[in-house]
Amino acid sequence: MVNTQRGRGALTRKLFRDMHRSAMQFVAIVLLCALGTWVFSGLEGTWRMLEVSAETYFAQANLADFWINLPGATKADVDNVRNQPGVLDVQSRYTAEFDTPDYGEDASLKVLAYADAARINVPLVRTGAALTQDDLRGILLDEEFAKAHGIRVGDTLKLRQNTLTRVFTVRALVLSAEQVITAKDVMPDPLAYGYAIVNKAALNGFPVNELIVTLQPGVDAAQAEARIQALLPQALIITQETHPVVQRMRSEVTMFRNMTYVFPVLAFAVAAMIVLTTLTRMIENQRSQIGTLKALGYGPNRIRTHYVNYAFVPSLGGALLGQLVGHYTLPDMLYAMEVNHFIIPERIRPPIAFTEWGMTALMVALSIFICLAAYRRAEKEEAAALLRPKPPKAGSRVLLERWKGFWGKLNFNTKMIVRGVARNKGRTAVAMVGLLCCNALIICAMGLQDSMQASVGDYYRGTVGYSLRADLDTDAGTLESYQNRVDAQAVEGVMETQVSLRYAGGSRAVLMSVLSDGQQLMRLGANNALIALPTDGIAISRKLSEVTGLATGDSVAIWLPGDDTGIPMTIRAVYPVNIGQTVYMGKAVWDGLRKGAFTPTGLLLESPTALAVHQLEQAREVAAFKDPEAQYTLTMSVLDSTTAVFSLMYAAALGLAFVICYNMGLINFTERTRDYATLKVLGYHQKEIRGLMMWENNIVTLIGAGLGIVPGILLTRVVLDAIGSESTVFIANVTFVTILTATAITSVFSVLIEWMITRKVRTLDMVEALKSVE
Amino acid sequence: MSYITFDQVSKVYGTGETAVRAADQVTFGIEQGELCVVLGPSGAGKTTVLNLLGGMDKATGGTIRVGDKTITGMRSPQLTDYRRLDVGFVFQFYNLMPNLTALENVELARQVSPKALEPADVLAQVGLAHRLNNFPAQLSGGEQQRVSIARALCKNPALLLCDEPTGALDSKTGAQVLELLTRVCKEYKTTVVIITHNASIAQMGNRIIRMRSGTVVENTVNDHPVKVEDIAW
Ligand SMILES: Nc1ncnc2c1ncn2[C@@H]1O[C@H](COP(=O)(O)OP(=O)(O)OP(=O)(O)O)[C@@H](O)[C@H]1O
Ligand SMILES: [Mg+2]
């Protein structure tokens, strides 16, 4: 008993001394395991933090399941909806935009006028007090809008719609979950747009135009939607999935979740591979010691446990460290970046997810498995065989030598390097794969930005052919009146309405865009070519086709707001337009439907004169101007703040590359110390030996980085698919410059590290290195 | 003044309590063109002395001269040049590059030496004309040692230093290698220093140096070296 105790102590001491002696390699294992779990846990924790914070907010506000757009809804409609199976609660309200003339000509508020106290989509009061039922003067104001304009509780606020104005007193500043992002277009601008909540009684004379509905828990939303749709055929039902705000919040979460699963899984895989080589080498270097322990009479289990600890201790330490550090640091750093322009009242830290523990366990299990596999190979041999040194690997001819003419032209050093690389195939392969992954990750990180720029740019600079767009109110004139009046190279109109697109597989609230048939300012064809709109049907955008699965030739029905029958239509084309889930219709088709005159909601202007712009600015019905170039910049800035998270991936890729290159370089150096010492004895100068090492490294680097180009491009595609937003199609577009830059970064990195390693030649002790055969 | 002179040369490994005087005030001389055998028990300091002479290690004290060069005063780059131009080394365990063929291993030496001989010729000299394109793993121990000697000779060095060149060989191949070394000494006028445990081998040298505990205990000139084939093993 006593003996066993003492023996175990000696082995434990040996374990820690071994770790101390090969400190670099153990540190490398700890770091690699940590890196693998760090990135994973960090990103996993971040998106979960975003999700749990947003969903908690939604739940606390009692977010609606349906927003039913139903102009002129009656009390009976409300009761009928309430009586549908599965419906928990219904509230009616009037929702419309009002101008706030005291806060600038362009500023407007989306006003939500509840018929009774808000039970669904309850606003969160930040300062002040909630509205009482009989308060006809009180208004709850969007905190961001209030901040932007310096409005405080108790201030008055004038609302105007057409000729009607009402003055309210701000009772409280609030946040609304259904307005978790408040943007008229892409980017929130609290100076120009916000929201407010009043009692419907304060706006007497306005009809109810919206029902908000919550469902009982566990009810199938699609079935409930279908039942309500059957009950109210003219209603436009917006679900949480199609609600522009809710959907935008959730797709942000989804995007980060998908990123979490692509990058860290790769990082993890590479880390695991390096652990594999390092551990295998370490066990092989312990051959004679395994033999000695056997010869001393240690049992196989004791020895195996001892060596399993080689993997267990550093991998558990590293993986746990990475997991905890990742979970408790990265989310805090990245949350703000991910939240972006969403206004979420409270940041909630998620518990450590099962997947995070799983990744850590996987890392440890993998390390142990690798270690056992290496150990088993050594264990098979007899003690005596183990004590003899393993014969050095034989050199052999490489394939290249068959090509006599070429081989003959190579200089001696190059030949030597080529053979050396071929001889250490396994190690060379690992180094190459490391560099390959590094380069692929960098290409992907940069390629994502390229692709987003190209896709968004293709829309705003290619598809869009106008130089300015003026949004018009409901009291807009006819297109001809503008064409006569406005001085520009071209004036065209677009009529846009929210419609319900119903098809065999479901229904969806989408934007319908009616354009003049001879229009020149929207280049909807392939390669931004002008294309004639279908004369006997509609066309849909690429994204709409993607999300609905609809294709050319499919039959659909378009329900206009307020209509109680749908209009059957055939899809005649899918336009390769990158932005928007849009139905395109020609003006002739629209006129043929006899659903009213073509009234533009937007004017598309090509090179308007300054005077024309000024006149439009003065016109009452012009709500806003949109400049495509500014739209592009806005969209990119939103995407950029999102993709800032990719900077983390650059860092991770470089960190990984560093560890891989350093580790492989070190192993390489250690195993070839004898060769280098021999060269030193032969009178090779330090510079010459280092030159040889650098040459070899350069070749491996170039091949490895080169092999990473294609996977990098493929990876970009996969990631783009994974993060694709609901409104935008991202087409992979990795530029040559990106490939070159990424490859240069990878190479410079690798060269610098090798340069560091070659410094060891200086202190290489020939006498020591050549003393014995090890 | 001899061609090679060691004057009060010391080599101390480590410091303080654990310091080992591997060479302690070693003083001896070797003439040009001699075949000198260094004998002594294990740990006597033979390898230490040879390494100092070959510029692989730096002495703690004393002076080493080879011809008109003072080895002990040299800095690292000069020592490298000295090894490159003047010294050929042969090891007990050959130290061939496993991924280079016999010919290429010898070419390795030619790469750095301006007055190098033709590698194929040198290999023919050591009797390996037919194994030029074999890798070390495909050669026997004796053949590998001959490649190693060829590699040292190819540089056409003034000094050929051999640390137990027959240590890993059986007596017959060992004899072949020793035979080769005596021939080199005669034909190329190279000064050859051979370390060995084996006292009977000593008889083949022009000079025999005996070491014990880091000191030279005997330095004798042997006017009648025995031919290798006549040595009783
Ligand atoms: N790097 C070192 N550090 C400490 N002591 C050393 C070192 N190298 C050699 N020694 C010591 O110096 C002494 C001489 O060693 P050396 O290798 O010269 O002996 P040797 O005569 O060649 O022996 P052998 O015949 O066994 O090869 C020995 O006692 C050895 O322990
Ligand atoms: Mg020795």
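Computed from a predicted structure; not experimentally measured.

Analysis parameters
- Residues numbered from 1 in each chain as written.
- Chains lettered and ligands numbered in written order.
- Predicted model: local features only at pLDDT ≥ 70, side-chain atom pairs only at ≥ 80, totals over all residues.
- Heavy atoms only, no water.
- Helix = DSSP H or I, 4+ residues; strand = E, 2+ residues; numbered from the N terminus.
- Rg over C-alpha atoms; globule rule 2.2 N^0.38 Å.
- Buried < 20%, exposed > 50% of the residue type's maximum accessible area, 1.4 Å probe, protein only.
- Contact = heavy atoms within 4.5 Å.
- Lys, Arg positive; Asp, Glu negative; His and termini not counted.
- Charge placed at Lys NZ, Arg CZ, Asp CG, Glu CD.
- Buried area = accessible area lost by both parts, 1.4 Å probe.
- Salt bridge = Lys/Arg side-chain N within 4 Å of Asp/Glu carboxyl O.
- Polar contact = N/O pair within 3.5 Å; in protein donor to acceptor, adjacent residues only side chain to side chain.
- 1 Å grid on protein atoms, 1.4 Å probe; cavity = no way out; pocket = protein on both sides within 12 Å on 5 of 7 lines; lining within 4 Å.
- Points joined across faces, edges and corners; volume = space filled by probe spheres on them.
- Pairing = 2+ DSSP bridges.
- Axes fitted to C-alpha atoms, helices over the stretch in contact; angles between N-to-C directions.
- Near = heavy atom within 4 Å.
- Areas by Shrake-Rupley, 256 points an atom, 1.4 Å probe, with all protein chains shown as cover.
- Nonpolar A, V, L, I, M, F, W, Y, C, P; charged D, E, K, R; others polar.
- Phe/Tyr/Trp six-rings, centres within 6.5 Å; stacked < 30°, edge-to-face > 60°.
- Lys NZ or Arg CZ within 6 Å of the ring centre and 35° of its normal.
- Domains from an automatic or database assignment.
- Parallel < 35°, antiparallel > 145°, perpendicular 65-115°, else oblique.
- Left-handed = near helix turned anticlockwise from the far one by under 90°.
- Right-handed = clockwise from strand over helix to strand, strands pointing away.

Asks: Explain the overall build of chain B to me, please; I cannot follow it from the model alone.
Replies: Helix and strand counts for chain B come out as 6 helices and 10 strands. In terms of overall dimensions, chain B is globule-like: its C-alpha atoms have a radius of gyration of 17 Å, near the 17 Å expected for 233 residues. Overall, chain B is about 50 × 45 × 35 Å in size when its C-alpha atoms are taken along their principal axes. The buried share of chain B, reckoned over its 233 residues, is 56%. Summarising the internal contacts of chain B: among those between residues at least 6 apart in sequence, 71% fall at separations of at least 24. Once the 23 positive and 23 negative side-chain charges of chain B are each reduced to a mean point, those two points are 3 Å apart.

Asks: What am I meant to see in the interface of chain B and chain A here?
Replies: Where the parts come together, the accessible area they lose is often given as the size of the interface. Taken together, the 29 residues of chain B in the interface contact 26 residues of chain A. Summed over both partners, the interface of chain B with chain A buries about 2600 Å², with 62% contributed by carbon and sulfur atoms. E104 of chain B is paired through a salt bridge with R419 of chain A; the nearest N and O atoms lie 2.4 Å apart. Linking chain B with chain A are 8 residue pairs in polar contact (both at pLDDT 80 or more), by the criterion used here. Looking at the side of chain B that touches chain A, the elements that each hand over two or more residues are helix 2 (76–86) and helix 3 (102–110) of chain B. The biggest single contributor to the side of chain B that touches chain A is helix 2 of chain B, with 5 residues.

Asks: Hey, could you run me through empty space enclosed by the protein in this one?
Replies: Residues and elements named next belong to chain A. Here the structure, examined in full by the defined rule, presents 7 cavities of 30 Å³ or more. In this structure, the largest cavity encloses a volume near 280 Å³. Contributing to the lining of the largest cavity are 22 residues, with A431, M664, N668, N697 and V700 lying nearest its centre. The set of elements that each furnish at least two residues to the lining of the largest cavity consists of helix 12 (412–423), helix 13 (425–463), helix 18 (628–671), helix 20 (686–707) and helix 22 (736–758). If you tally residues by element for the lining of the largest cavity, the top one is helix 18, at 5 residues.

Asks: Whenever I open this one, the sheet that holds strand 4 (residues 61–66) of chain B confuses me. Can you help?
Replies: Either a parallel or an antiparallel arrangement is found when strands of a sheet pair, and the pairing is made through backbone hydrogen bonds. Residues and elements named next belong to chain B. Read across the sheet, 4 strands follow the order 2-1-4-5 without closing on themselves; strand pairing throughout is antiparallel. Taken across any chain shown, the strands that pair with only one partner, and hence form the sheet edges, are strand 2 (20–30) and strand 5 (69–70). Two strands pair when backbone bridges link them, and strand 1 (residues 4–13) and strand 4 are joined in this way by 5 bridges, in the antiparallel orientation. Opposite S10, over in strand 4, you have G61 as the bridge partner. Contacting strand 1, strand 2 and strand 4, helix 1 (residues 46–53) crosses the sheet at an angle of about 120 degrees to strand 1.

Asks: Help me understand the site of ligand 1, please; the structure alone is not making it clear to me.
Replies: Around ligand 1 sit 15 residues in total, of which S42, G43, K46, T47 and T48 of chain B are the nearest. One finds residues of chains A and B in close proximity to ligand 1. S42 of chain B places a polar side-chain atom, nitrogen or oxygen, 2.5 Å from an oxygen atom of ligand 1. Separating an oxygen atom of ligand 1 from a backbone N or O atom of A44 of chain B is a distance of 3.2 Å. Within the complex, the protein chains bury 68% of what would otherwise be the 630 Å² of accessible surface of ligand 1. Of all the elements in the fold, those that place two or more residues in the shell around ligand 1 are helix 24 (766–771) of chain A together with strand 2 and helix 1 of chain B. Broken down by element, the shell around ligand 1 gets its largest block of residues, 3 residues, from helix 1 of chain B. In terms of residue class, the shell around ligand 1 is built from 5 nonpolar, 6 polar and 4 charged.

Asks: Teacher, can you tell me more about the packing of aromatic side chains here?
Replies: Residues and elements named next belong to chain A. Enumeration according to the criterion identifies 10 aromatic pairs over all chains in this entry. With a centroid separation of 4.8 Å and an interplanar angle of 35 degrees, the aromatic rings of Y94 and F206 are classed as tilted. With Y94 in strand 2 (residues 87–99) and F206 in the loop between strand 8 (193–199) and strand 9 (210–215), this residue pair connects regions lying 112 residues apart in the sequence. With respect to burial, Y94 and F206 carry one shared label: buried. Relative to Y676, the ring of F669 lies with its centre 5.6 Å away and its plane at 25 degrees, an arrangement referred to as stacked. We note that F669, like Y676, is buried. Through pairs of rings, three or more aromatic residues link up here, namely Y94, F98 and F206. The aromatic ring of W47 is capped on one face by R257, whose charged end is 5.7 Å from the ring centroid.

Asks: Sorry, what's going on with the domain arrangement of chain A here?
Replies: Domain parsing of chain A yields domain 1 (1–63 + 242–390), domain 2 (64–239), domain 3 (424–456 + 638–774) and domain 4 (468–626). With centres defined by C-alpha atoms, the gap from domain 1 of chain A to domain 4 of chain A works out at 54 Å.

Asks: Explanation requested: the environment of A445 of chain A in the structure shown.
Replies: Within the secondary structure layout, A445 of chain A lies in helix 13. Along the chain, A445 of chain A and A742 of chain A lie 297 residues apart, while their C-alpha atoms are 9.4 Å from each other.

Asks: Where do I start with the packing of helix 12 of chain A against helix 3 of chain B in this structure?
Replies: Relative to each other, helix 12 of chain A and helix 3 of chain B sit at 135 degrees, their axes nearing to 11 Å. Taken together, the axes of helix 12 of chain A and helix 3 of chain B lie oblique to each other. Relative to helix 3 of chain B, the crossing made by helix 12 of chain A is left-handed. When helix 12 of chain A is examined against helix 3 of chain B, the residues F412, M416 and R419 of chain A are found in contact with a partner set consisting of E104, E107 and L108 of chain B.

Asks: Please clarify how the pairing of strand 7 (residues 159–163) of chain B should be interpreted in this entry.
Replies: On a regular strand, one side chain projects to one face of the sheet and the next to the other, so that they alternate. All names here are of chain B. For strand 7, the tally of buried residues reaches 5 of 5 residues, placing the bulk of the element in the interior. Across 4 bridges, the pairing between strand 6 (residues 87–90) and strand 7 is parallel. Bridging across to strand 7, G88 finds its partner in L160. The sheet contact formed by strand 7 and strand 8 (residues 191–196) spans 5 bridges and is parallel. Each residue of the ladder has a partner; that of L161, found in strand 8, is V193. This β-α-β element, strand 7 to helix 6 (residues 171–187) to strand 8, shows right-handed connectivity.

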